[in-house]
Amino acid sequence: MRLRKLALSAALAMAAAATALSTSLVMAQAPAAAPASATATVQFFPSLTGRTGAVAPNAAPFANGYADYMKLVNARGGLNGVQTLVEECETAYATDRGVECYERLKGRHGGATVFQPLSTGITFALMPRLAVDKIPMITSGYGRSDTADGAIFPWVFPLLGHYWIAGDVLIQHIAAKAGGFERLRGKTIAVVYHDSPFGREVLPIINRRAEMHGFQVLALPVPPPGVEQRAIWLQIRQQRPDYVIMQTWGVMTATAIRQAIATGFPRDRMFGTWWSGAEPDLRDIGADARGYSAVMMQHGQARNSEVVRQILAQVHDRGQGTGPRTEVGDVLYMRGVVGAMLATEGVLRAQERFGRGRHMTGEQARWGYENLNITQARLDALGFAGVLRGPIATSCRNHVGTALMRIHTWNGSGFDWTSDWLQADMNVITRMITASAESFARDNNITRRTEAGC
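Report on the accompanying structure. (Residues numbered from 1 in each chain as written. Predicted model: local features only at pLDDT ≥ 70, side-chain atom pairs only at ≥ 80, totals over all residues. Heavy atoms only, no water.)

### So, the overall build of the chain
Applied cut-off: For helices the rule is a DSSP run of H or I covering at least 4 residues; for strands it is a run of E covering at least 2, with both sets numbered from the N terminus onward. In this setup the radius of gyration rests on C-alpha atoms only. A globule is expected at 2.2 Å times the number of residues raised to 0.38. Each residue gets one of three labels from its accessible area relative to the maximum for its type: buried under 20%, exposed over 50%, partly exposed in between, using a 1.4 Å probe on protein chains only. Whether two residues are in contact is decided by their heavy atoms, any of which lying within 4.5 Å being enough. Residue-level accessible areas treat just the shown protein chains as cover; the underlying method is Shrake-Rupley with a 1.4 Å probe. Only four residue types enter the tally: Lys and Arg on the positive side, Asp and Glu on the negative side; His and the chain ends are excluded. Note on charges: their place is set at NZ of Lys, CZ of Arg, CG of Asp or CD of Glu.
The secondary structure content of the chain amounts to 16 helices and 15 strands. Against the globule reference of 22 Å for 454 residues, the chain gives a C-alpha radius of gyration of 21 Å, in line with a compact fold. Each principal axis of the C-alpha atoms in the chain carries an extent, and together these give about 70 × 50 × 40 Å. Within the chain, buried positions represent 60% of all 454 residues. When contacts within the chain are restricted to residue pairs at least 6 apart in sequence, those whose partners lie at least 24 apart make up 72%. Accessible surface for the chain amounts to roughly 17100 Å². Of this, 50% is attributable to carbon and sulfur atoms. Averaged over its 46 positive side-chain charges, the chain has a centre that lies 2 Å from the centre of its 37 negative ones.

### Here we look at the pairing of strand β3 (residues 83–90)
We apply this condition: A pair of strands is considered paired only if DSSP assigns at least 2 bridges between the two. A clockwise path from the first strand over the helix to the second, with the strands pointing away from the viewer, defines a right-handed crossover.
Within β3, eight of the eight residues are buried, which leaves the element mostly enclosed by the surrounding structure. With eight bridges joining them, strand β2 (residues 42–49) and β3 adopt parallel strand pairing. Counted as the bridge partner of P46 is E87 from β3. Each parallel crossover has a hand, and for β2 linked through helix α3 (residues 56–75) to β3 it is right-handed.

### Considering the state of the cysteines
We count it as follows: By disulfide we mean two sulfur atoms from cysteines, separated by a distance within 2.5 Å.
Tallied over the entire structure, the rule returns one disulfide. Paired by a disulfide, C89 and C101 hold their sulfur atoms 2.1 Å apart. With the S-S bond torsion at -70 degrees, the cross-link from C89 to C101 turns out left-handed. Here C89 is found in strand β3, whereas its partner C101 is found in helix α4 (residues 95–105), with twelve residues between them in sequence.

### Some thoughts on the packing of α3 against helix α13 (residues 331–354)
Applied cut-off: Fitting a line to C-alpha atoms yields each axis, with helices limited to the stretch in contact; the angle taken between N-to-C directions then spans 0 to 180 degrees. Each angle receives one of four descriptions, namely roughly parallel if under 35 degrees, roughly antiparallel if over 145, roughly perpendicular if within 65 to 115, and oblique otherwise. Two helices crossing with the near one rotated counterclockwise from the far one by less than a right angle form a left-handed crossing, whereas a clockwise rotation gives a right-handed crossing. Following the grouping adopted for this structure description, the nonpolar residues are Ala, Val, Leu, Ile, Met, Phe, Trp, Tyr, Cys and Pro, the charged ones are Asp, Glu, Lys and Arg, and the polar ones are all others, Gly among them.
At their nearest, the axes of α3 and α13 sit 6 Å apart, and the two run at 45 degrees to each other. If you check the angle between α3 and α13, you find them oblique. Both α3 and α13 take part in a crossing whose hand is right-handed. Mapping the contact onto sequence places N58, P61, F62, N64, G65, Y66, D68, Y69, M70 and V73 in α3 and L332, Y333, R335, G336, V337, G339, A340, M341, A343 and T344 in α13. Its residues assigned to classes, the contact of α3 with α13 shows twelve nonpolar, six polar and two charged.

### Observations concerning the pattern of salt bridges
Two side chains that carry opposite charge are able to pair once their charged atoms sit near each other. Heads up, the condition is: The working definition used for a salt bridge is a side-chain nitrogen of Lys or Arg within 4 Å of a carboxyl oxygen of Asp or Glu.
This model, assessed by the stated rule, comprises 22 salt bridges. A salt bridge links D149 to R448, with the shortest nitrogen-to-oxygen separation between them at 2.7 Å. With D149 in the loop between β4 (137–138) and β5 (156–157) and R448 in the segment after α16 (426–443), this pair connects stretches of sequence that are 299 residues apart. Residue R448 is classed as partly exposed on the basis of its relative accessible area of 23%. E211 is the salt-bridge partner of R208, the closest N and O atoms lying 3.4 Å from each other.

### Quick notes on helix α8 (residues 203–213)
Here is the rule: What the arc measures is the spread of directions leading from the helix axis to the C-beta atoms.
Within α8, the full set of buried residues consists of L203, I205, I206, R209, A210 and H213. The arc enclosing the buried residues of α8, seen along the axis, measures out at 165 degrees, which places them on a common side. Close packing links the buried residues of α8 with α6 (163–178), β6 (188–194), α7 (197–200), β7 (216–222), β8 (243–247) and α16. Looking at the residues trailing α8, positive phi occurs at G214, about 80 degrees.

### Observations regarding the packing of aromatic side chains
Short version of the rule: By convention, a stacked pair of Phe, Tyr or Trp rings (six-membered ring in the case of Trp) has centres within 6.5 Å and planes under 30 degrees apart, an edge-to-face pair has planes over 60 apart, and any other such pair is tilted. We count a charge as sitting over a ring when the NZ of a lysine or the CZ of an arginine lies within 6 Å of the ring centre and within 35 degrees of the ring normal.
On inspection of all chains with the given rule, the structure shows 14 aromatic pairs. Between the aromatic rings of F354 and W367, the centroid separation amounts to 5.9 Å while the plane-to-plane angle is 85 degrees, which identifies the pairing as edge-to-face. On the criterion of sequence distance, the pair formed by F354 in helix α13 and W367 in helix α14 (residues 362–370) is long-range, its members being 13 residues apart. Ring-pair connections join several aromatic residues into one group, and the members of that group are Y93, Y142, W249 and W275. R366 extends its terminal NZ or CZ atom over the ring of W155, reaching a point 5.5 Å from the ring centre.

### Points about the nonpolar core
The nonpolar side chains of soluble globular proteins are, as a tendency, buried together. The cut-off we apply is this: Side-chain atoms within 4.5 Å are what join buried Ala, Val, Leu, Ile, Met, Phe, Trp, Tyr and Cys residues into a set we call a nonpolar core.
If you look at the biggest cluster of nonpolar residues, it comprises 115 residues, and the most contacted ones within it are F45, Y69, W233 and F384. Per-element tally for this core: the top contributor is α13, with 13 residues. One finds V42, M127, V156 and F440 within the second-largest nonpolar core, a separate group that totals 24 residues.

### Some words on the side chain of H408
Spelled out, the test is: Distance and chemistry together define a polar contact, namely a pair of N or O atoms within 3.5 Å, with one atom able to donate a hydrogen and the other to accept it when in protein, and with adjacent residues in sequence counting only for side-chain atoms on both sides.
Counting through the fold element by element, H408 comes out in strand β13 (residues 404–410). A polar atom in the side chain of H408 sits 3.1 Å from the backbone oxygen of G277. Setting aside anything within four residues of it in sequence, one finds H408 in contact with G277, Y292, S293, A294, M296, G300, V331, F415, D416, W417 and T418.

This is the structure we're talking about:
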């Protein structure tokens, strides 16, 4: 009951702020030296936010980081002079509201450049509309894993990682802790997951690894928002799995960790995917959560990074920060920053082909996302040294760009990196992606693009 009250209080607190922000515009002033042709238009980046509801403490920092980086781009001079513009529309993580926001925003300000729904459910609902509207979608770390195959899914870009990569890296990490894959034979790995397309998306790779290595999978769905998990954790106490993987989001994550503490399950045998490993999930639990780990899409907390220093100096110090200064550099804030960087770098890539300093249509931006080559030197120049590892390079067949991951672990008050760079086994994953994408293509009468058609 106390957890339910806390979740409701958080939702109500965020709702008042979200009402004012739901249709806000975020655009820094154009530099005085910008050419007249560049100031005649803007590049529009719609933002589907989740500032209300059970996921608000997690989704709001993403939206703030996304908006702040766009302001930083403008402070640097824009996209070769073209200013970025962000307009928010509140979804509360509801699929129907996400679709309404998409329809409301897609044609504004010269047309949407790219959508980043921050929701697997909304992603699924929007996918049939993208080709008709000629608008790409970036789904870093969520959505369908098989959209990595750009020859079947030309408008969707799960840049930096998808759930099959996350699950594979976690199983590799667990195997290494156990002493090798052979030590997993006969063991049980429980998967506590959000009972939705988002939560279920991680299961195929874990089940595939179970077939390969002889461990058992105990699948434990949790109805959202996830504030009632006592029965799940009683089952874990009774069946005594060796490890727990968590595919959770919002209040569900903190609830799971509190229940693990109550039932005595060791936190150093619990591993989350990236949406289950951020400060809002663990800050109030503190030392009792020590030892809990999560896989990260390269970045984690990055308060000492150059890009954060620039955001503080050129955005927050000028009174233009979107959210609280104290969250700048936190895990989910950085995920928004990275999402905005990917969105703008795709436009800059498109400008190389279609016209430097010009507004890019959604269709032109799609070409940019499919032809990314963000080198380490470029990442460093943007302020992401030590945050991201390049190159991030895409193609017609590869809409992910990289499969490098890291593990971080809660130390009682923050996260520490506890692994080197980890590479998903793409021999396993690519076969799964191809089979799943081909099945989707058959069911939906889609013809695979040839290289000539890319």
